[in-house]
Amino acid sequence: MTAPRATELDYRPSYLAAGIAALAVLLLYLVTLAPSTAMWDTSEYITAAYVLGLPHPPGNPFFVLIGRVAAILPIAPTVAMRINVLAAVASAVSAGMWFLITERVLVHWFAERWTRLVVAGVSAVIGSTAFTVWNQSVVNEKVYTISLVGLAVCSWLTVRWCDEPDGRKADRLLVLVAYLCGLGYTNHMAGMLAGPAIAIAVIVRRPRTVLRWKLLSAILGAILLGGSVFATQPIRAAHNPPLNEGDPTACRAGLKLDCTFSKGTYDAFMYNFNRGQYGKPDLGTRQAPLSAQMGMWWHYFKWQWWRDGDSAAPGIQTALAVIFLLLGLLGGYVHWQRDRRSFSFFGPLMFTLTLLLIYYLNFKYGASQSPELQDSVNREVRDRDYFYLWSFSAWSVWAALGLAFVWETVSQLAQSETVVVGRETLTNPTRRGWLMGLPVLLIAVVPAMGNAKWASRAGETDTRDFAHDILNSVEPYAVLVTVGDNDTFPLWYAQEVEGIRKDVVIANTSLLNTEWYTRQIIRRPVYEYDAVAGPAIYRDKKWTKPARGPINMSLDDADKVPLYVDLQQPQLFQKGELVATIDPKQLQHGFLERADIFVLRMIQDAFPERPIYLARTSAGYGESLGMGGYLLTQGLARKLMPAPIKASKDTLQLPGQGFLDVQRTKTLWKDVFVGQAAIIKKGHWVDRPSVGIPYLYVSTGLVLTEALRLTGDPAYAPTVMETTRKLAKATGLGDLAPDPVAPQPNPVPLGGDTAVRSTAPVITRPGARSSKKP
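A short tour of the structure in this document, coming up.

## Quick look at the state of the cysteines
What the rule picks out here adds up to one disulfide. Unpaired in this structure, Cys-154 has its nearest cysteine sulfur neighbour in Cys-181, at a distance of 4.1 Å. A relative accessible area of 2% places Cys-154 in the buried class. Between Cys-162, a cysteine without a disulfide, and Cys-154, which holds the nearest cysteine sulfur, the sulfur-to-sulfur distance is 13 Å. Take Cys-162: its relative accessible area is 0%, and that puts it in the buried class.

## Comments concerning the pattern of salt bridges
Scanning the entire structure with this criterion turns up 31 salt bridges. Between Arg-523 and Asp-247 there is a salt bridge, with the nearest N and O atoms lying 3.4 Å from each other. Residue Arg-523 is located in helix α22 (residues 515-523), and its partner Asp-247 is located in the loop between α11 (232-237) and α12 (257-260); the two are separated by 276 residues in the primary sequence. Its salt-bridge partner being Asp-465, residue Arg-464 comes within 3.0 Å of it at the nearest N-O pair. The class for Asp-465 is buried, based on a relative accessible area of 8%. One connected set of salt bridges, linked through shared partners, spans Asp-247, Arg-252, Glu-515, Arg-519, Arg-523 and Asp-559.

## Some words on the packing of helix α15 (residues 314-338) against helix α17 (residues 389-414)
Across the interface, α15 lies against α17 with an axial gap of 6 Å and an inter-helix angle of 80 degrees. With respect to their mutual orientation, α15 and α17 come out roughly perpendicular. Across the interface between the two elements, Phe-324, Leu-325, Leu-327, Gly-328, Leu-329, Leu-330, Gly-331, Gly-332, Val-334, His-335 and Arg-338 of α15 pack against Trp-395, Trp-398, Ala-399, Leu-401, Gly-402, Leu-403, Phe-405, Val-406 and Glu-408 of α17. The class makeup of the residues in the contact of α15 with α17 is 13 nonpolar, five polar and two charged.

## Side note on the layout of surface pockets
Of the voids in this model, the second largest pocket is the one considered here, and its volume is about 660 Å³. Per element, the largest residue contribution to the lining of the second largest pocket is six residues, and it comes from helix α16 (residues 340-361). Split into classes, the residues belonging to the lining of the second largest pocket amount to 21 nonpolar, six polar and eight charged.

## As for the nonpolar core
Membership of the largest hydrophobic core comes to 111 residues, with the highest contact counts inside it found for Phe-63, Leu-480, Leu-512, Met-627 and Leu-640. Ranked by residues supplied to this core, first place goes to helix α28 (residues 692-710) with eleven residues. In this view, Leu-512 contacts Ala-507, Tyr-517, Thr-518, Ile-521, Arg-594, Ala-595, Phe-598, Val-599 and Met-602; residues no more than four positions away in its chain are not counted. Within the second largest apolar cluster, 105 residues are counted, among which are Phe-99, Val-133, Leu-148 and Trp-434.

What counts, and where the lines are drawn
Residues numbered from 1 in each chain as written. Predicted model: local features only at pLDDT ≥ 70, side-chain atom pairs only at ≥ 80, totals over all residues. Heavy atoms only, no water. Disulfide = S-S within 2.5 Å. Buried < 20%, exposed > 50% of the residue type's maximum accessible area, 1.4 Å probe, protein only. Salt bridge = Lys/Arg side-chain N within 4 Å of Asp/Glu carboxyl O. Helix = DSSP H or I, 4+ residues; strand = E, 2+ residues; numbered from the N terminus. Axes fitted to C-alpha atoms, helices over the stretch in contact; angles between N-to-C directions. Parallel < 35°, antiparallel > 145°, perpendicular 65-115°, else oblique. Contact = heavy atoms within 4.5 Å. Nonpolar A, V, L, I, M, F, W, Y, C, P; charged D, E, K, R; others polar. 1 Å grid on protein atoms, 1.4 Å probe; cavity = no way out; pocket = protein on both sides within 12 Å on 5 of 7 lines; lining within 4 Å. Points joined across faces, edges and corners; volume = space filled by probe spheres on them. Core = buried A, V, L, I, M, F, W, Y, C linked by side-chain atoms within 4.5 Å.

Remember, this is a structural readout, not a statement about activity or role.
See the structure below:
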């Protein structure tokens, strides 16, 4: 048996110690902080914060507001880094909250304060170095770290309330927690995650609260007051910010009273608030078996303690996951035994953050889960470990308590003493015994060791550099058609935050199916091309600034374009010498989508006065519209030509790849692109669902190498190939560029001219898809 717990009067929260722990965590995060943006939603949310815009539904207005404040504070050299610091601070404060909660539970267990502080510190270490928590805390990928700090603060306040539910400040604590939950909901729906556990704690600790209608009214009012931040959305949307996703207002010509307080605005706001754009099925319609959804949680749980991004030690990863799972379960058990007060809240909270959250999220199979099933099951387009960040972070409290039990047991075995307290005889570790048992706590630092390489984002600029490269692959005033998150959001960031190639109009086919996005393109100003900042290859001529945007339609007319047009037979599309046959059998869904209609409309309205490009991430999209013979690859994009392309010495036709502008692509690769060096410096690519981005560079390098050999410029080919091999090796794509160099094929003449046909490998990139779950 252990010594009796400290009395309630003896206990004072160790705020200073918790602050020191939080500062230590913050230092770790700052050392490993991303200096720029990253893949997926990072660029979207940094951009939204910077321009005070609206990210994807439901819009996260609280994050946008505090993100805007962070963006203008002189706390870091760049806007992106400032907002990344916000994520780091939020997670560090969360670690401090878990420290306090762990210490509070131990008051009912460990008599000596220093032992409580050691275990509380262990909780902070485990929670802050879990892979997903760490990885999300060094770049603001979305809003999850802000949600985490809200959850952690509410948890600490509720634990304090559970100590004195009839105390002088008890009612005010409940109202404050309710306000924070409502405010947190305007950051992310996870703001309400603590709600069920708080309700259970109130019923268990002070059941008569449910009969106090004045207090309940105050709690409801506090929630609504916190949630009132959503009211900023239709107001800001009416000002048409550069990023205005969902456009939750009926105002089309600025903010006005009549249109703001109208049924149109209410309907638009509620559609946005309820994420109607994504059409998520109800909970009764399971997107995967519940066992598979629990398997997804376990799959990501294994990542937390030893990420093993190159699958070099799966046995170690699984063993550590089992250890931390057992430690957490043991910690939950001893929590229930030692402190029923705080367990009345924290036990239900852990149930909410694990089993209930798994059921509610209702995910498909994870992108990297059960790879042996391949495409036989429906999968999420990316790994969703970040949705369980709250679960993995809070697990640190129970894991630390479980480790405390092990530490105490080992310390007792090492050296103990018998103490008589009243009629009880207690066996306690001596101070020397506690010190001798300390090595068992070293398992808490294993996640830091195993995750340091994979969670750190220090020095990473590859996403920003990719955006720079693809934007500079297109000529001034071009329209660039993209297809997914990772070939769109980084470009938004580059344009709106760093001012790179704002003259280019981005047209994302996933978003062109929505009304708000076409309105955004129509409203977008025509920005002047900055020739000084742009690549030297575009300084050989004067580029005429277009008089209007690429879609010559009114907002009302654009809104009336249907979601699809069913084609019963092939249709002819013509613009000048460009003649394309659109065969419904070649279209992705067998019919012409709204997005396809707008792409054709932009060609009709703006081409060839405006260059039109398809990002190479779009794979065969141009061919599906019957325009394959008009597309010329230049760097990371394919330019639509006004007449059929003919092969020549510098225009090479590649099997499965179409036509390549060899000299333009060489110049871009050699003098303009910076992404290759950034990816090679990074040295790994842990997020496999986004590996299509470095894949694009690898494929470009392979094709360019072969093209240079075949067009009489072999001197630079080895340099391109060497860079390509380094890219492939750094990103786990080494099988695409193996050593040694394959023998140079014999050129095959084409129709009597000087052109040759390449035998470079056909490279099929996985289609880029939107990450937004339905």
